[in-house]
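# Tertiary structure, described
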Amino acid sequence: MQQAIAILDSGVGGLTVAKEVMRQLPREKIIYFGDTARAPYGPRTPEEVRVFTEQIVDYLIQYDPKMVVIACNTATAAALDYISSKVSVPVIGVIHPGARAAISATKSGHVGVIGTVGTISSGAYTAALKQLSPYVEVRSQACPQLVQLVEHGLYRSSQSLKVVEESLNGIKDSPIDCLILGCTHYPFLMEPIQQVMGPGVKLISSADETAREVSTILYDKEQLASNDESPVHQFFCTGDPIMFQRIATEWLGDHITRTPVVWQITKL
Ligand code: DGL
């Protein structure tokens, strides 16, 4: 049986990372877990997020994945080190890839970060950016309203621009030349975010760089898939399966409409 890459998030946000992995590594099988019943994770304590993340990883490990991607910034900040020390397969998060992408994109050295309350108050992005480049200036802003907009399938609605505008108020006039979308839900709102920030600010999603890291790790371990047929991806969610399936189908498009997919609602 083909070993999968396990990708997890509090909800649908990690699909932004899954899509990039599917695009860059089309032979790889993905097992995706969205804890939609307990999203959002952003307002929760780091301890609670760590417990939830551990429960999801324990669940996914039954499927014998070859690696685990914590495609949630909040869970990466709260639990990456702990989960990595527990699990025998490689585990990666999305914060270092996002920081790397921003450092390579910035010309002025002034970088903005938006994320959940949990991610921003952890200081994990500032630490990751300064570890790479000590003189970088970081301006951070928590945007707690954006995740629910996406989870409720309203990212293309007329109200999204208004909510995005309000959320970015504190950062939109900062002298930054790139803005890290430090929550995997935010790429769903790329258009209104770009509209509010203006063309002079490059938006950075950690999805591309995270997928590249997956690719590098599997290449180094000689574990890249070599199957000729398309993989059958598997999707689990803990909440409303109809909303989850609707958003996943809309977002992933051709990546999942051309091949069979397994959908499952589950309890932890
Ligand atoms: N998508 C997640 C993140 O990257 C979690 C958002 C949430 O559940 O609050 O932080």
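Residues numbered from 1 in each chain as written. Predicted model: local features only at pLDDT ≥ 70, side-chain atom pairs only at ≥ 80, totals over all residues. Heavy atoms only, no water.

### Focus on the site of the ligand
In the vicinity of the ligand, 13 residues are found, and the nearest of them are S10, Y41, N73, T74 and H185. Contacts to the ligand include G42, whose backbone N or O atom sits 2.8 Å from an oxygen atom. A distance of 2.7 Å separates an oxygen atom of the ligand from a polar atom in the backbone of N73. Surface burial for the ligand is 99%, taken as the share of its 300 Å² of free accessible area covered by protein chains. Of the residues in the shell around the ligand, the class split is five nonpolar, seven polar and one charged. (Near = heavy atom within 4 Å. Polar contact = N/O pair within 3.5 Å; in protein donor to acceptor, adjacent residues only side chain to side chain. Areas by Shrake-Rupley, 256 points an atom, 1.4 Å probe, with all protein chains shown as cover. Nonpolar A, V, L, I, M, F, W, Y, C, P; charged D, E, K, R; others polar.)

### A closer look at the UniProt feature "binding site: substrate" (unreviewed entry) in the chain
The feature "binding site: substrate" (unreviewed entry), as given by UniProt, occupies D9, S10, Y41, G42, N73, T74, T184 and H185 in the numbering adopted here. These annotated residues cover 177 residues of sequence, but their C-alpha atoms sit close together, with the largest distance between any two at 11.9 Å. Relative to the assigned elements, D9 resides in strand β1 (residues 5-9). Beyond its immediate sequence surroundings of up to four residues, D9 is in contact with G14, Y32, F33, G34, D35, I56, A71, C72, T184 and H185. Here the side chain of D9 touches G11 through a polar contact of 3.1 Å, landing on its backbone nitrogen. On the basis of relative accessible area, N73 is assigned to the buried category, the value being 1%. Setting aside chain neighbours within four positions, we find N73 in contact with V94, I95, T119, Y125, G182, C183 and T184. There is a polar contact of 2.6 Å between the side chain of N73 and the side chain of Y125. (UniProt positions renumbered as here; feature names shortened; annotations may be inferred. Helix = DSSP H or I, 4+ residues; strand = E, 2+ residues; numbered from the N terminus. Contact = heavy atoms within 4.5 Å. Buried < 20%, exposed > 50% of the residue type's maximum accessible area, 1.4 Å probe, protein only.)

### Observations regarding helix α2 (residues 46-61)
Taking 1.5 Å of rise per residue, the 16 residues of α2 would be expected to cover 22 Å, and the 22 Å separating its terminal C-alpha atoms lies within 8% of that figure. Those residues of α2 that fall on the buried side of the exposure criterion are V49, F52, T53, E54, I56, V57, Y59 and L60. Taken together, the buried residues of α2 touch β1, β2 (30-34), β3 (67-70), α3 (73-86) and β9 (233-237). (Expected span 1.5 Å × (residues − 1).)

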